Amino acid sequence: MSEDVHDTAGGQGVVARIDGLIAGPTAKAVVLGMMVFVLLLLMVPIVFTFVASFAESAAGALPSGFFTLDNWRTVLGLGDYGVQTSVGPGLAFSAMLATGGMVLNIIIGVPIAYALTRYNFFARDWINAIAILPLVPGIILGVAFLRTYPENAGSALGLIVGYALLKSPYMVLTVQSSFQSMDLQQLEESSRSLGASWPRTFLTVIVPNAKDGIIAGSIICWTLAAAEFNFTYMVYARGPRPFSLFLFENISNAPYLQSAAAISVYFLIVVAAITVLQLVGNRGFSTSSDR
Amino acid sequence: MAEVTLEKLHKRYGDETAVESLDFTVHDGETLGVVGPSGCGKTTTLRMIAGFETPTDGVVRFDSEDVTHVPPEKRNVGLVFQSYALFNNMSVLANVAFGLKMEGVGKEERRERAQELLDMLGIGDLGDRSPESLSGGQQQRVGLARALAIEPDILLLDEPMTGLDAKLKTRLRTEMSNLLEELGVTALYVTHDQEEAMAMCDRIAVLNDGHIEQIGTPDTVYEQPANTFVANFIGTSNVLRGKANGDSVDLGFTRVQDERLEAVNGEATLIARPEAFDVDDDGFEAQVRDVHYLGERIQATAELPDGTDLTLKFDSFDRQVSADDVVSLALDLDDVHVVD
């Protein structure tokens, strides 16, 4: 009996110690340490590549001979040798395609996320699974597009639709998580009881309240579409060379330092796109005053 | 404001009946409380009045106008929810002015009217804030101001105080009650909290399994419950049964004589509130099992010789019983209600 009591007390002591560890400053330090480690793991290759793009030589273990813009000049089509393809038109074309895909994703993905969160209907779980799982790889969708729409698959419209289909799960998923944090039914009913029609309620109350999810989804869709290689490689037929193909050529055919510059161009574009989408998103959704 | 009438209102979902033959009127300027256990049809009734549910049968009238099939945005109904349902993409002022904007009221006028309401509710300085930055009580006030801004025909409140702490609830209850009276608002107040309903409402409808068990003023419902369900749902009751014989009934532990019993044939049911029992030397004996201190009152459970439990309440300052005491109790017939 006394042993039982002792065991229980000992067990409770262990539990209390574990509790203390989880809740205490040690746990905070461990979690912070893990976060910093993961961030470093992600950031080091990016920073290393970016720095290398300004080096003159990559002969040793580390790039050397700083600082030169020759690699950037070559990649941007301003040099006397190298790929000799200007990045400008391809970049603009890709940005346009990615933006088109992203807009299509907003137009289609937001109502889908809303319906999946708000309503119960037949086969909802199946539709939910299909909507949020990136089931089809780019290469498969590319082949399917070429077989189904042989004339238009490689056009700008074909690429936009393809990007939208490939990236839609990311939009649906992020917007759905925003919707799940709200009481959609009561928000909708409040607005309608105040005299707003359903479309007005959806556009002025429901959608703006999901702005965080929409911005996050847009950023993911845009950046992934801008760099989508497999689908683009399969279907691209005409127009300026999309950026992902340009990157591929630079990385596979050019020396390492020029590849580093090409990859750096992409990183900078992603940072710019995220900044623009955040700014546009926040301004576009803000209705803080009674306008 | 309007008088709202429900006529033989039914709502069925497949084979399930949510609401059955509801017939009642919320008078102009009155606050009617709708209480009942979970799933009794309270919220379905509210949603049918708001227009978010279409009745399977029956009519909803605002004054004499049949609004049964009028869409919610055209009904002029104010809604206040437990979750507040404020629009976080708008400022507090914009939230309150939203309904006026939908009505086409000019910007200056709607801002002025919204500000007036916020002032009236004591949150006039919060107009520029985001609803998310407010406390629960402040958010509930914004929700109320927003619903009142459109001067609704009826204000529908769906468990608006649930989730607030007890002290704030009591304060908000008084404020809200005064405001509704001052503005002469017709209101339907849905709650599972009977105490809240008794404090807030002019009349109370007790719902059970989709139908009304009793509708009346709070004191009528408490003191003269129509049946044992109402007696047990509103407050605490001791349901005592015995065979009536003329003007008396033998309850087993005591014999009660009252002229109201003459109308009863056979089995008589008496509803005795816990306050109906007093300690009295000439009474019947019971053993006190436990005593709970509730602040102003103490609540005790006493066991009769036949094993029946009685719930008793006494003033705390006049503490007359303790656990394990054998006490002599008397039943005050003025506080006993006889049901058929």
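Residues numbered from 1 in each chain as written. Chains lettered and ligands numbered in written order. Predicted model: local features only at pLDDT ≥ 70, side-chain atom pairs only at ≥ 80, totals over all residues. Heavy atoms only, no water.

### Describing the overall build of chain A
Secondary structure summary: chain A contains 13 helices and 0 strands in total. Taken from the N to the C terminus, the helices and strands of chain A come in the order α-α-α-α-α-α-α-α-α-α-α-α-α. A total of 291 residues make up chain A; the buried ones form 38% of that total. A sequence separation of at least 24 residues applies to 70% of the contacts in chain A between residues at least 6 apart. In the structure as shown, chain A presents an accessible area of about 15,900 Å², 69% of it carried by carbon and sulfur atoms. (Helix = DSSP H or I, 4+ residues; strand = E, 2+ residues; numbered from the N terminus. Buried < 20%, exposed > 50% of the residue type's maximum accessible area, 1.4 Å probe, protein only. Contact = heavy atoms within 4.5 Å. Areas by Shrake-Rupley, 256 points an atom, 1.4 Å probe, with all protein chains shown as cover.)

### So, the sheet that holds strand β12 (residues 248–250) of chain B
Residues and elements named next belong to chain B. Taken in spatial order, the 5 strands of this open sheet run β13-β12-β11-β14-β19, and their pairing is antiparallel. Edge strands, defined here as strands with exactly one partner in the open sheet, are β13 (255–257) and β19 (336–339). Shown here is a sheet whose adjacent strand axes are inclined to one another by a mean of 35°, direction ignored. Of the strand pairs in this sheet, strand β14 (residues 267–272) and β19 are connected by 4 bridges, and their pairing is antiparallel. Residue Leu270 lies in a different strand from β19, and its bridge partner there is Val338. (Pairing = 2+ DSSP bridges. Axes fitted to C-alpha atoms, helices over the stretch in contact; angles between N-to-C directions.)

### Notes on the UniProt feature "domain: ABC transporter" (unreviewed entry) in chain B
The sites that carry the UniProt feature "domain: ABC transporter" (unreviewed entry) are, in the present numbering, residues 4–234 of chain B. Between the first and last C-alpha atoms of residues 4–234 of chain B the distance is 25 Å; the span itself is 37% helix and 26% strand. (UniProt positions renumbered as here; feature names shortened; annotations may be inferred.)

### Here's the deal with helix α7 (residues 156–180) of chain A
The end-to-end C-alpha distance of α7 of chain A, which contains 25 residues, comes to 35 Å, matching closely the 36 Å that a straight helix rising 1.5 Å per residue would cover. When the local axis directions of α7 of chain A are compared, the greatest deviation, roughly 50°, occurs at Lys167 of chain A, which is followed within four positions by the proline Pro169 of chain A. (Expected span 1.5 Å × (residues − 1). Bend = angle between axes of the 7 residues up to and from the residue.)

### Observations regarding the interface of chain A and chain B
A common measure of how large an interface is: the accessible area buried when the components associate. Taken together, the contact between chain A and chain B spans 24 residues of the former and 26 residues of the latter. Both faces considered, chain A and chain B share a buried interface measuring about 2,300 Å² in area, 52% of it formed by carbon and sulfur atoms. Counting across the chain A and chain B interface gives 2 salt bridges. Where Arg47 of chain B meets Glu189 of chain A, a salt bridge forms, and the shortest distance between an N and an O atom there is 2.3 Å. For the pair chain A and chain B, the interface holds 7 residue pairs in polar contact (both at pLDDT 80 or more). Here the element with the most residues in the side of chain A that touches chain B is helix α8 (residues 184–193) of chain A; it accounts for 8 residues. In terms of residue class, the side of chain A that touches chain B is built from 6 nonpolar, 12 polar and 6 charged. (Buried area = accessible area lost by both parts, 1.4 Å probe. Salt bridge = Lys/Arg side-chain N within 4 Å of Asp/Glu carboxyl O. Polar contact = N/O pair within 3.5 Å; in protein donor to acceptor, adjacent residues only side chain to side chain. Nonpolar A, V, L, I, M, F, W, Y, C, P; charged D, E, K, R; others polar.)

### What to know about the packing of α7 of chain A against helix α10 (residues 211–226) of chain A
Residues and elements named next belong to chain A. α10 packs onto α7 with a crossing angle of 160° between their chain directions and a minimal axis gap of 8 Å. Classified by the interaxial angle, the pair formed by α7 and α10 is roughly antiparallel. Here the hand of the crossing between α7 and α10 comes out right-handed. Every residue of α10 that contacts α7 at Tyr163, Lys167, Tyr170, Met171, Thr174, Val175 and Ser178 is listed here: Asp212, Gly213, Ile214, Ala216, Gly217, Ser218, Ile220, Cys221, Leu224 and Ala225. Class assignment of the residues belonging to the contact of α7 with α10 gives a composition of 10 nonpolar, 5 polar and 2 charged. (Parallel < 35°, antiparallel > 145°, perpendicular 65-115°, else oblique. Left-handed = near helix turned anticlockwise from the far one by under 90°.)

### Some points on the pairing of β14 of chain B
Residue and element names in this part refer to chain B. The buried count for β14 comes to 5 of 6 residues, which makes it a mostly enclosed element. Of the pairings in the sheet, the one linking strand β11 (residues 238–245) to β14 comprises 6 bridges and is antiparallel in character. For Asn238, the partnering residue across the bridge sits in β14 and is Ala272.

### Observations concerning the packing of aromatic side chains
Residue and element names in this part refer to chain A. Overall, the coordinates contain 21 aromatic pairs over all chains when judged by the stated rule. Plain terms: the ring middles of Tyr163 and Phe231 are 6.1 Å apart, the flat faces sit at 65° to each other, and that makes the pair edge-to-face. One end of the pair, Tyr163, is in helix α7; the other, Phe231, is in helix α11 (residues 230–235), and 68 residues separate them in sequence. With respect to class, Tyr163 is no different from Phe231; both count as buried. Ring centres of Tyr233 and Phe248 lie 6.1 Å apart, and the angle between their planes is 65°; on these two criteria the pair is classed as edge-to-face. Linking Tyr233 in helix α11 with Phe248 in helix α12 (residues 243–253), this pair joins segments that are 15 residues apart in sequence. (Phe/Tyr/Trp six-rings, centres within 6.5 Å; stacked < 30°, edge-to-face > 60°.)

### Examining a negative patch on the surface
Negative charge collects at one region of the surface, where Glu3, Asp28, Asp63, Glu65 and Asp66 of chain B lie side by side. Locating Glu65 of chain B in the fold gives a position in strand β5 (residues 65–66). (Patch = residues over 30% accessible without salt bridge, like charges linked within 9 Å, V, L, I, M, F, W, Y side chains within 5 Å. Lys, Arg positive; Asp, Glu negative; His and termini not counted. Charge placed at Lys NZ, Arg CZ, Asp CG, Glu CD.)

### Section: the pattern of salt bridges
Under the defined criterion, the tally for this structure stands at 18 salt bridges over all chains. The shortest N-O distance in the salt bridge between Glu73 of chain B and Arg192 of chain A comes to 2.7 Å. Here Arg192 of chain A lies in helix α8 and Glu73 of chain B lies in the loop between β5 and β6 (77–81), a pairing that spans two chains. With relative accessibility at 16%, the residue Arg192 of chain A sits in the buried group. Notably, a salt bridge pairs Asp309 of chain B with Arg289 of chain B, separated by 2.9 Å at the nearest N-O pair. Taken as a pair, Asp309 of chain B in strand β17 (residues 309–315) and Arg289 of chain B in strand β15 (residues 277–293) lie far apart in primary sequence, 20 residues in all. Given the relative accessible area of 37%, Asp309 of chain B is considered partly exposed. It is possible to trace a salt-bridge network through shared partners that takes in Glu189 of chain A together with Lys11, Arg47 and Glu53 of chain B.

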